[in-house]
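Topology and contacts: notes
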Amino acid sequence: MQSNFDVIVVGSGPAGSAAAVQARRAGLSVALVDKATFPRKKLCGGLVTGRSRKAIKAIFGAEVEGQMFLKATEMRFSAKGRLLADLADGPPVHLTMRWDFDEWLHGFALEAGAVPFLGQGFTAIDETARRITLKDGTALHYGVLIGADGVNSAVARALFGRPFDPETIGFGLEIEAPGTAMHDYVEVDLDAAVWGYGWAFPKHHSTTIGVGGIKSRNADMKAHMAAYLERCGLEPDAIPYKGQFLPFGDFKKVPGRGPVLLCGDAAGLVDPITGEGIALAMESGALAATAAAEALAAQAPETALRRYRTALRPMHQSLREARMWRSLMFPKAMREVFLSAFARGTSLQNKYLRLLAGEIEYRDLRLMFLRKAPKAAIRAIGRKLRPGTRAEGRP
Ligand SMILES: Cc1cc2nc3c(=O)[nH]c(=O)nc-3n(C[C@H](O)[C@H](O)[C@H](O)COP(=O)(O)OP(=O)(O)OC[C@H]3O[C@@H](n4cnc5c(N)ncnc54)[C@H](O)[C@@H]3O)c2cc1C
């Protein structure tokens, strides 16, 4: 059995499968290790955004179409049941079950020639010998190791002593309500949790309903979930909740060490406002594989992290910007201001949809804000100077 590989990828979720495909495309030998066999369960809303669609096309050469996906063009935003916006003709999003979706992506990695080691988790690393050990004792040697093993990453734990910071990590609860979907639009409740939100996503044979947010700010996430289920018209205790951590903006500044790279949830790459992680997982997996290929071609595997960090810079910058926006949107004092601004502001709603579609970045939101701020300030000063003008400047 082959035990030496240019690249070993640990984890074959969206990040790991993307890394494996990209590394094979660069002509590298690849071992793909996962503690599960496929298909396997993964707690997730299964919302595949336009940004994800682009990544799937670019990395796997595949289209998001067919039975695995349900297409939706309507999104409803609410706040504790109060409708803020109903956007009927937005850019399409797709809804899928991760059971099917991840098996599909994993299949591309196998087709590309990655050698599977399934049903055996990573347990230990010897960084000096560039060797990992699997649960059954199998030892594999790598040039570059890519840890794509999710939010509870054993690779990150082996490097840094823990996979994430418990103070900043997010947490989500979900149920799969069986039967015909409750509605055919995507519902997001922007006030269902503290520093978080709730979602009800239609699927072919169910509705995925959940709430999530920063764990340390939601001492009783179950109570938020029960309240949200009631607002959805469901018995709160009818189906047991499942829970999982989610790196809600909690990305690692240094995602690895030398020839060991972390990507996807293992690197904390989830959007801190929308909770989108699938696109960032695939994008970062591909970037990690490209950095690995360049480092190996230069016969300097230890330079992989430096190369990867350079490639990740725009994504990190965007996540920093998102965190900045979040600190304006989520604090209690700002909540109502933000929610009513969202309800009134078609431009803001539009930007949110375009963010999900991968058409704009948080940077563009900042630029829009900076362009509009001086005019808004002048209008506000004008209102102050004109006695009798209403606060909102409306007749
Ligand atoms: C409740 C919830 C809802 C979400 N909804 C959405 C959504 O609607 N849309 C969206 O874009 N994102 C969503 N996310 C985020 C998204 O699920 C993740 O960002 C995404 O799955 C990250 O992909 P990944 O490949 O990094 O990790 P994962 O998908 O978690 O894959 C990790 C893989 O590593 C394997 N593994 C773990 N440990 C080991 C080990 N020791 N050895 C070997 N293999 C191992 C696992 O079996 C798994 O196959 C949601 C997250 C949560 C928690």
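Rules behind the numbers
Residues numbered from 1 in each chain as written. Predicted model: local features only at pLDDT ≥ 70, side-chain atom pairs only at ≥ 80, totals over all residues. Heavy atoms only, no water. Helix = DSSP H or I, 4+ residues; strand = E, 2+ residues; numbered from the N terminus. Rg over C-alpha atoms; globule rule 2.2 N^0.38 Å. Contact = heavy atoms within 4.5 Å. Areas by Shrake-Rupley, 256 points an atom, 1.4 Å probe, with all protein chains shown as cover. Axes fitted to C-alpha atoms, helices over the stretch in contact; angles between N-to-C directions. Parallel < 35°, antiparallel > 145°, perpendicular 65-115°, else oblique. Near = heavy atom within 4 Å. Polar contact = N/O pair within 3.5 Å; in protein donor to acceptor, adjacent residues only side chain to side chain. Nonpolar A, V, L, I, M, F, W, Y, C, P; charged D, E, K, R; others polar. Buried < 20%, exposed > 50% of the residue type's maximum accessible area, 1.4 Å probe, protein only. UniProt positions renumbered as here; feature names shortened; annotations may be inferred. Core = buried A, V, L, I, M, F, W, Y, C linked by side-chain atoms within 4.5 Å. Phe/Tyr/Trp six-rings, centres within 6.5 Å; stacked < 30°, edge-to-face > 60°.

The subject of this paragraph is the overall build of the protein. In terms of regular secondary structure, the protein is built from 10 helices and 18 strands. For 395 residues, the compact-globule formula gives about 21 Å, and the C-alpha radius of gyration of the protein, at 22 Å, lands near that figure. Taken over the C-alpha atoms alone, the protein extends approximately 80 × 45 × 40 Å along its principal axes. Here the analysis covers contacts within the protein between residues at least 6 apart in sequence; of these, 69% occur between residues at least 24 apart. Carbon and sulfur atoms form 54% of the exposed surface of the protein, whose accessible area is close to 17,700 Å².

With that out of the way, let us pick up the packing of helix 8 (residues 332-344) against helix 9 (residues 346-356). Following both chains from N to C, one finds helix 8 and helix 9 inclined at 90°, their axes separated by 5 Å at the closest point. Accordingly, the angle class assigned to the pair helix 8 and helix 9 is roughly perpendicular. Across the interface between the two elements, Phe-338, Ala-341, Phe-342, Ala-343 and Arg-344 of helix 8 pack against Thr-346, Leu-348, Gln-349 and Tyr-352 of helix 9.

If you check the shell around the ligand, you find 38 residues, and the closest are Asp-34, Gly-45, Arg-98, Phe-122 and Asp-265. With respect to the ligand, the side chain of Arg-40 contributes an N or O atom lying 2.9 Å from an oxygen atom. Protein burial of the ligand: of its 1,000 Å² of free accessible surface, 93% is covered by the chains. Secondary structure elements with two or more residues in the shell around the ligand: helix 1 (14-25), strand 14 (196-202), strand 16 (242-246) and helix 6 (278-297). It is strand 16 that contributes the most residues to the shell around the ligand, 3 residues altogether. When its residues are assigned to classes, the shell around the ligand shows 18 nonpolar, 11 polar and 9 charged.

A few words now on the packing of helix 1 against helix 2 (residues 50-60). Across the interface, helix 1 lies against helix 2 with an axial gap of 10 Å and an inter-helix angle of 30°. Considering their axes alone, helix 1 and helix 2 lie roughly parallel with respect to each other. Here Pro-14, Ser-17, Ala-18, Val-21, Gln-22 and Arg-25 of helix 1 lie close against helix 2, whose contacting residues are Ala-58, Ile-59 and Phe-60. Here the residues of the contact of helix 1 with helix 2 sort into 6 nonpolar, 2 polar and 1 charged.

Our focus in this paragraph is helix 2. Restricting attention to buried positions, one finds in helix 2 the residues Gly-50, Arg-51, Ser-52, Ala-55, Ile-56, Ile-59 and Phe-60. Buried positions along helix 2 lie against helix 1, strand 3 (47-48), helix 3 (98-111), helix 6, helix 7 (304-329) and helix 9.

Residues given the UniProt feature "domain: FAD-binding" (unreviewed entry) here are residues 257-318. Note that residues 257-318 is 56% helix and 6% strand, and that its end C-alpha atoms are spaced 23 Å apart.

For the rest of this paragraph, the subject is the nonpolar core. Judged by nonpolar contacts, the single largest core of 70 residues is most densely connected at Ile-8 and Ile-132. A per-element tally of this core places helix 6 first, with 12 residues. Apart from the residues lying within four places of it in its own chain, the contact partners of Ile-132 are Ile-8, Val-10, Val-33, Phe-122, Ala-124, Ile-125, Thr-138, Ala-139, Leu-140, Tyr-142 and Leu-145. Counting 35 residues, the second-largest nonpolar core is a separate cluster that includes Trp-195, Tyr-197, Phe-338 and Met-368.

Before going further, it helps to examine the packing of aromatic side chains. The tally for this structure, following the rule as stated, stands at 15 aromatic pairs. Aromatic side chains Trp-104 and Phe-108 sit 5.3 Å apart centroid to centroid with 70° between the ring planes, which places their arrangement in the edge-to-face category. Note that Trp-104 and Phe-108 are positioned in helix 3 at a spacing of 4 residues, about one turn of the helix. According to the relative accessible area criterion, Phe-108 is buried, its value standing at 18%. A ring pair is formed by Tyr-197 and Trp-199, whose centres lie 5.5 Å apart and whose planes are at 55°; its orientation type is tilted. You'll find Tyr-197 and Trp-199 in the same group, each marked buried.

Buried residues of helix 9: Gln-349, Lys-351, Tyr-352, Leu-353, Leu-355 and Leu-356, and no others. Downstream of helix 9 by a residue or two, Gly-358 has a phi angle that is positive, lying close to 75°.

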